[in-house]
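# Overview (structure and organization)
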Amino acid sequence: MKKRGVGIASVMFGFGYGEGFPDHSTASIRIKPDGRVEVKTAAADVGQGVLTVVSQIAAEILGVPVESIDLVNGDTAVTRSSGSTSATRQTFFTGNAVMNTAQILRSIIFDLAVKVYGKTYPELYFENSCVVPHGAEEKKISFAELAKIAAERGEKLEAEGSYFPITTPPDPSNGQGERVYVSYTFVTTIAEVEIDLGTGQVEVIRMVAAPDVGQAIHPQNVEGQMEGGSAQGIGMALMEEILFDEYGTLLNPNLSTYLIPTSLDVPRMQTVIVEDEEPLGPFGAKGIGEPAMISTAPAIINAIYNACGVRIKELPATPEKILRELKKLAAGN
Amino acid sequence: MGDNRLMIKVTVNDRLYELQVDPELRLVDLLRDELGLTGTKEGCGKGECGACTIIMNGKTVNSCMVLAFQADGSEILTIEGMGDGEELHPIQEAFIRQGAVQCGYCTPGMVLSAKAILDKNPNPSEEEIRKGISGNLCRCTGYQKIVDAIKDAAEVMGGGGDER
């Protein structure tokens, strides 16, 4: 016989290194002679999309199409530290560093444009890699021309900026602190499972996850992070366990013995992006890397309890464990 | 080496190669190291992850599990043969459009498994797609955007439309 159940779980996740540990990111941006925008950052993009996010941020502030951003990435000869791609921190830390740098560069560009036009900031705006005077659009001047003017004057259209917030260590007696993390990401996951009571096999048949990312700078990538994190969460809940023998020899070192979810183990998932703007985030954004997987396993474990009354307290919830607990339940203990 | 090398003829991405190969050389190494086609990735090297998937005589194989001499006389398609060097293949375009690539390591194998699925059935159901890529592990995406990309490609390539 098969039984179904639904479970829910939420996570509150402080991102960045936090706890008073120094944590910062530095970026630099310049207008190249051809008018394209070069963004230098050492933020490592391992597929999560930080370089897409920082390109969007720089493009937004400097009024250029995202296609005219050139990235210089992770080269110790030319980039300063952006910190690690870990702790769910790159969108927030390097995003903020690039935002701060783009704002400095914006003021440098406007400063030069004011000298060229003899007009002040509110009378000028950016559009399509040009500085444009309000009401005299035909007098617009491209970034390429402005870079040339800057070079003739011995000036550079270039800026460097960083983001370096302060956090405080928690009191070891109670874990409380003034500002242990800069901010927190919240995720709620709802899972529906079907359990075969004869075999103890659990199938996740539906999953909905709602991440509060502050502001989704690239919604498709937020979904990608959530779907991937949730799939890892399914593995954590039901399959993945490193096994050692008594001598410490790894018993399941292969992908045929340490099982991770395949396309057949993962249901169609729904991501409901919640946008409650974080005032400290770049355009209100927060990180989503790690919290994407944390609420998945408890939601599935709760769904198993809801389906058959068995409370699994040690992951993964393998068929063997579930059958053992079902027998205990039937025996009345 | 030398004495016991075997002569093989193999067509890779429509180009015929006549090669002397060591009997122990794996197909994945022939492709990557001898032909320079490094788009094919080696993951586990044991036929468990699908990263090295290529199409050989119309069927997907793990190129780490095939010896190079076994490919004698065969026609092979690798990721380099999907586009024409200028334009990407519609399946590759769909992967980009749907955000189906994260770290990218499984992507060449996924794209070739996708092609094999669509060659067999230009209008596959979600279940058929999920079965078709079940030998290709992906740790980043949760598979959903890959499934969506294959559906998208099916529609663009003339199948699709049928919500089975």
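Residues numbered from 1 in each chain as written. Chains lettered and ligands numbered in written order. Predicted model: local features only at pLDDT ≥ 70, side-chain atom pairs only at ≥ 80, totals over all residues.

### Some words on the overall build of chain A
Stated formally: Secondary structure counts use DSSP, requiring at least four H or I residues in a row for a helix and at least two E residues in a row for a strand, with both numbered from the N terminus. Residues are scored as being in contact if the C-beta atoms we place from backbone atoms lie within 7 Å.
Counting its regular elements, chain A contains seven helices and 11 strands. Contacts in chain A between residues at least 24 apart in sequence constitute 74% of all its contacts with a sequence separation of at least 6.

### What to know about the packing of helix H3 (residues 107–120) of chain B against helix H5 (residues 144–156) of chain B
Helix packing for two helices is described by the angle between their axes and how far apart those axes are. Residues and elements named next belong to chain B. Operational definition: All axes are obtained by fitting lines to C-alpha atoms, using only the stretch in contact for helices, and the reported angles, taken between N-to-C directions, cover 0 to 180 degrees. Oblique is the label for any angle not covered by the other classes, which are roughly parallel (under 35 degrees), roughly antiparallel (over 145) and roughly perpendicular (65 to 115). Two helices crossing with the near one rotated counterclockwise from the far one by less than a right angle form a left-handed crossing, whereas a clockwise rotation gives a right-handed crossing. Classification used: nonpolar for Ala, Val, Leu, Ile, Met, Phe, Trp, Tyr, Cys and Pro, charged for Asp, Glu, Lys and Arg, polar for all others including Gly.
In contact at an axis separation of 11 Å, H3 and H5 are set at 45° when each is read in the N-to-C sense. On the basis of their axis angle, the class for H3 and H5 is oblique. Where H3 crosses over H5, the two elements pack in a sense that is right-handed. Of the residues in H5, those in contact with Met 110, Ala 114, Ile 117 and Leu 118 of H3 are Ile 146, Ile 150, Ala 153 and Ala 154. The class makeup of the residues in the contact of H3 with H5 is eight nonpolar, no polar and no charged.

### Some thoughts on the interface of chain B and chain A
In this assembly, 21 residues from chain B lie in contact with 20 residues from chain A. Among the secondary structure elements, those contributing two or more residues to the side of chain B that touches chain A are helix H4 (126–132) and H5 of chain B. When residues in the side of chain B that touches chain A are grouped by element, the largest group, three residues, is from H5(B).

### Remarks on the pairing of strand E5 (residues 124–127) of chain A
For clarity, the threshold we go by: By this definition, two strands are paired if DSSP reports at least two bridges between them.
Summarising the sheet, E5(A) and strand E6 (residues 130–133) of chain A pair through four bridges and their orientation is antiparallel. Following the sheet pairing, A:Leu124 is matched in E6(A) by A:Pro133.

### Looking at the domain arrangement of chain B
Residues and elements named next belong to chain B. We apply this condition: The split of the chain into domains comes from an automatic or database domain assignment.
Here chain B is partitioned into domain 1 (6–81) and domain 2 (90–156). Averaged C-alpha coordinates put domain 1 and domain 2 at centres separated by 21 Å. Secondary-structure elements contributing two or more residues to the side of domain 1 that touches domain 2 are strand E3 (53–56) and strand E4 (59–62). At three residues, E3 tops the list of elements feeding residues into the side of domain 1 that touches domain 2. For the side of domain 1 that touches domain 2, the per-class residue count stands at seven nonpolar, six polar and two charged.

### Some remarks on the sheet that holds E6(A)
If you walk across this open sheet you meet the three strands as E5-E6-E7 (chain A), and the pairing is antiparallel. Looking along the sheet, the strands with just one partner apiece sit at the ends: E5 and strand E7 (141–142) of chain A.

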